[in-house]
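Breakdown of the fold
What follows is each chain in one-letter form.
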Amino acid sequence: MAVLSGSKQAGLLGAAGVAVILMTAVSVAQAQEASRAIAIELNGAEANDKACRLSFVFDNGLATGIDDMALELVLFEKDGRVNRFVVVRSAKVPAGKSRVRQFDIPGTECPSIARILVNDVKECKGAELTPAACADSIKVSTRSDIKFDN
């Protein structure tokens, strides 16, 4: 077993401390970046009369509230063909809060939808928000059998 002198031991401990501080700073920066996202989760899809009801959870991790956001979604069929384009609106989602929104897609059976794409952000209203800034902040996920991406 090697024995380190006081100055070498202090140097190694100092280097290890710097490494821990840097790793912590990177972790904090990553967490802050993730928290500045607009997380949109496709939470479910269920039949509703002659429509497919899609449930979304909007988590606003931005520092400012969203007054309204209009998303252009593209629904794809199982064979990959585009079924239709729809525009859905988030309505008000305060900063740091979550809201659940449901949208009925008439004339569509849920099992026929294989994938939903966030194709564009048509509008994004709120203090200092633009459609481009909102689009860059969107992170999507799904709890459904339907693939959801942007």
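Quick summary incoming for the structure in this document.

1. What about unusual backbone geometry?
The general pattern is negative phi for most residues beyond glycine and trans for most peptide bonds. The phi dihedral of Asp 49 is positive, around 55°, even though this residue is not glycine. Mapped onto the elements of the fold, Asp 49 is located in the loop between strand E1 (38–48) and strand E2 (51–60). A positive phi is found at Ala 91, a non-glycine position, where the angle reads about 60°. Secondary-structure assignment places Ala 91 in the loop between strand E4 (82–89) and strand E5 (98–106). What makes Ala 91 partly exposed here is its relative accessible area of 33%.

2. Focus: the sheet that holds E5
Strand order in this open sheet of 4 strands is E5-E2-E1-E7, and the pairing throughout is mixed. Edge positions in the sheet fall to E5 and strand E7 (138–142), since each of these pairs with one other strand and no more. When strand polarity is set aside, the average angle formed by the axes of neighbouring strands in this sheet is 25°. In this structure, E1 lies alongside E7, joined through 5 bridges in parallel fashion. Of the residues in E7, the one forming a bridge with Ile 40 is Val 140.

3. Details of the packing of aromatic side chains
The tally for this structure, following the rule as stated, stands at 3 aromatic pairs. Relative to Phe 103, the ring of Phe 56 has its centre 5.9 Å away and its plane inclined at 55°; by these criteria the two rings are tilted. A residue pair is termed long-range when its members are at least 10 positions apart, and Phe 56 in strand E2 and Phe 103 in strand E5 qualify at 47 residues. Per residue, the accessibility class of Phe 56 equals that of Phe 103, and both read buried. Note on Phe 56 and Phe 148: the rings are 5.5 Å apart at their centroids and 55° apart in plane angle, and the pair reads as tilted. Separated by 92 residues along the polypeptide, Phe 56 in strand E2 and Phe 148 in strand E8 (residues 147–149) bring together distant segments of the chain. Its relative accessible area of 2% is what places Phe 56 among the buried residues. Taken together, the aromatic side chains of Phe 56, Phe 58, Phe 103 and Phe 148 make up a single cluster linked through ring pairs. Stacked on the ring of Phe 76, the Lys or Arg Arg 115 has its end atom at 4.6 Å from the ring centre.

4. Looking at the sheet that holds E4
Spatial strand order, E4-E3-E6-E8: 4 strands in an open sheet with mixed pairing. Two strands bound the open sheet, and with one partner strand each, they are E4 and E8. Going from strand to strand, the sheet's axes swing by 20° on average, the running direction of each strand aside. Looking at chain direction, strand E3 (residues 68–77) and strand E6 (residues 113–125) are connected through 10 bridges and run antiparallel. The residue of E6 that forms the bridge with Glu 72 is Asp 120.

Criteria and thresholds
Residues numbered from 1 in each chain as written. Predicted model: local features only at pLDDT ≥ 70, side-chain atom pairs only at ≥ 80, totals over all residues. Heavy atoms only, no water. Helix = DSSP H or I, 4+ residues; strand = E, 2+ residues; numbered from the N terminus. Buried < 20%, exposed > 50% of the residue type's maximum accessible area, 1.4 Å probe, protein only. Pairing = 2+ DSSP bridges. Axes fitted to C-alpha atoms, helices over the stretch in contact; angles between N-to-C directions. Phe/Tyr/Trp six-rings, centres within 6.5 Å; stacked < 30°, edge-to-face > 60°. Lys NZ or Arg CZ within 6 Å of the ring centre and 35° of its normal.

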